[in-house]
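Chain by chain, the residues:
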Amino acid sequence: FNFAGKAYAIQGAGAFNVAVNGFNGVQGAGLFNYCGGATSGIQGAGGFNISRGKVKSQFAGGFNLAGDVENNQISGMLNVGKKVEGYQIGLINIADTVSKASFGLINIIRKGYNRVEIGASETFSGNFALKLGVKSFYNIFYLGGQWKNDPMPPGPGESAGKVLNWGLGYGLGTAIPLGARSLLNVEALSIHVNEREIWTPDLHQLNQLRLTWDVRIGSRASIYLGPTANYLL
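The structure reproduced in this document is the subject of the present report. Residue indices begin from 1 for each chain and proceed along its sequence in written order. Two thresholds apply to this predicted model, a pLDDT of at least 70 for residue-level local features and 80 or more for giving and counting side-chain atom pairs, whereas whole-chain, interface and lining totals are computed over all residues. Excluding hydrogens and water, the side-chain values take into account all heavy atoms of the structure.

Some points on the environment of Asn-230
In this fold, Asn-230 is placed in strand E25 (residues 228–232). Measuring from C-alpha to C-alpha, the distance between Asn-230 and Ser-219 comes to 32 Å, with 11 residues separating the pair along the chain. The criterion used for residue contact is that any of the two residues' heavy atoms lie within 4.5 Å. If near-sequence neighbours (up to four positions away) are discounted, Asn-230 is found in contact with Glu-122, Thr-123, Leu-206, Asn-207 and Gln-208. Counting of polar contacts relies on pairs of N or O atoms within 3.5 Å, with two restrictions inside protein: one atom must be capable of donating a hydrogen and the other of accepting it, and residues adjacent in sequence are counted only when both atoms are side-chain atoms. Within the structure, the side chain of Asn-230 is placed 2.8 Å from the side chain of Gln-208, a separation counted as a polar contact. Under the DSSP-based scheme used, a helix requires at least four consecutive residues in state H or I and a strand at least two consecutive residues in state E, with every element numbered from the N terminus.

Following this line, the structure appears as structure tokens:
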């Protein structure tokens with residue numbers, strides 16, 4: 001391992017590197033890198049990187065943790081930053097702001113594109129979606145359902161009842177600004193549909209491509225409409 005108060009060049013180790021007050025070069029380690037202050041350097045590790053201040057870029061097999069990030073954070077699991085000027089790529093990405101995009105299964109950007117959406121469609125009469133990310137790329141967590149007349153004929157002495165069909169899905173989307181108060185949302189979703197039971201174990205997948213026009217009607221609200229292409233597998 002390498003340990004320094006402040007480093008101005010390169011730290012390379014099989015185990016770990018520590019720069020207590022910051023560094024201006026490159027830290028490369030098999031396990032982890034730690035910087036206790038601001039830096040204009042790059043951290044790369046097989047395990048994780050931690051920078052208590054600003055960093056240029058971070059690359060890790062596990063996770064990255066930093067203050068402001070001048071370029072990119074790329075990891076196999078988790079990226080956490082404040083103001084990220086470039087991209088975040090990882091399973092989970094967390095930031096205050098991201099200038100370009102965060103690509104992952106879950107993206108939590110405090111000053112990003114975060115929406116709660118409630119609507120109706122031709123597939124499910126009730127739809128709820130949580131959208132997280134930035135306008136250029138966001139994740140969609142979907143839940144939908146509807147009560148329908150039971151297709152099975154009632155038994156002797158029974159009246160026709162209703163059954164609940166519901167779906168649980170995940171998707172990706174992008175929002176294209178059309179003006180000061182409107183957006184064009186292009187979204188792709190895959191929804192597992194459950195009919196007449198709590199969970200349908202067989203393959204019953206509704207895949208959707210959505211094109212919707214979103215118009216803001218207040219500081220925190222908007223309405224949307226548009227066509228949907230459906231493919232049921």
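With respect to the nonpolar core
For the purposes of this section, nonpolar cores are sets of buried Ala, Val, Leu, Ile, Met, Phe, Trp, Tyr and Cys residues that join through side-chain atoms within 4.5 Å. For the exposure calls, accessible area comes from a 1.4 Å probe over protein chains only, and a residue counts as buried if that area is under 20% of its type's maximum, exposed if over 50%, partly exposed in between. In terms of nonpolar packing, the biggest core is built from 12 residues, these being Tyr-113, Phe-124, Ala-129, Tyr-138, Ile-140, Tyr-142, Ala-175, Leu-183, Leu-189, Ile-191, Val-193 and Leu-206. With 4 residues, strand E22 (residues 182–195) is the largest single contributor of residues to this core. Leaving out residues up to four positions away in the same chain, Val-193 has contacts with Phe-124, Trp-166, Gly-167, Thr-200, His-204 and Leu-206. Judged by nonpolar contacts, the second largest core, of 10 residues, contains Val-84, Val-98, Ala-101 and Ile-109.

Comments concerning the side chain of Gln-88
Relative to the helices and strands, Gln-88 resides in strand E13 (residues 87–89). Here the side chain of Gln-88 touches Gln-73 through a polar contact of 2.9 Å, side chain to side chain. Not counting the four nearest positions on each side in its chain, Gln-88 is found in contact with Gln-73, Asn-79, Val-80, Gly-81, Asn-93, Ile-94, Ala-95, Val-98, Ala-101, Ser-102, Phe-103 and Ile-109.

A word on the side chain of Asn-127
Examined against the element boundaries, Asn-127 turns out to sit in strand E19 (residues 126–134). A polar contact is formed between the side chain of Asn-127 and the backbone oxygen of Phe-124, at a distance of 2.9 Å. Aside from chain neighbours lying at most four places away, what touches Asn-127 is Glu-117, Ile-118, Gly-119, Ala-120, Ser-121, Tyr-142, Leu-143, Gly-144 and Arg-210.

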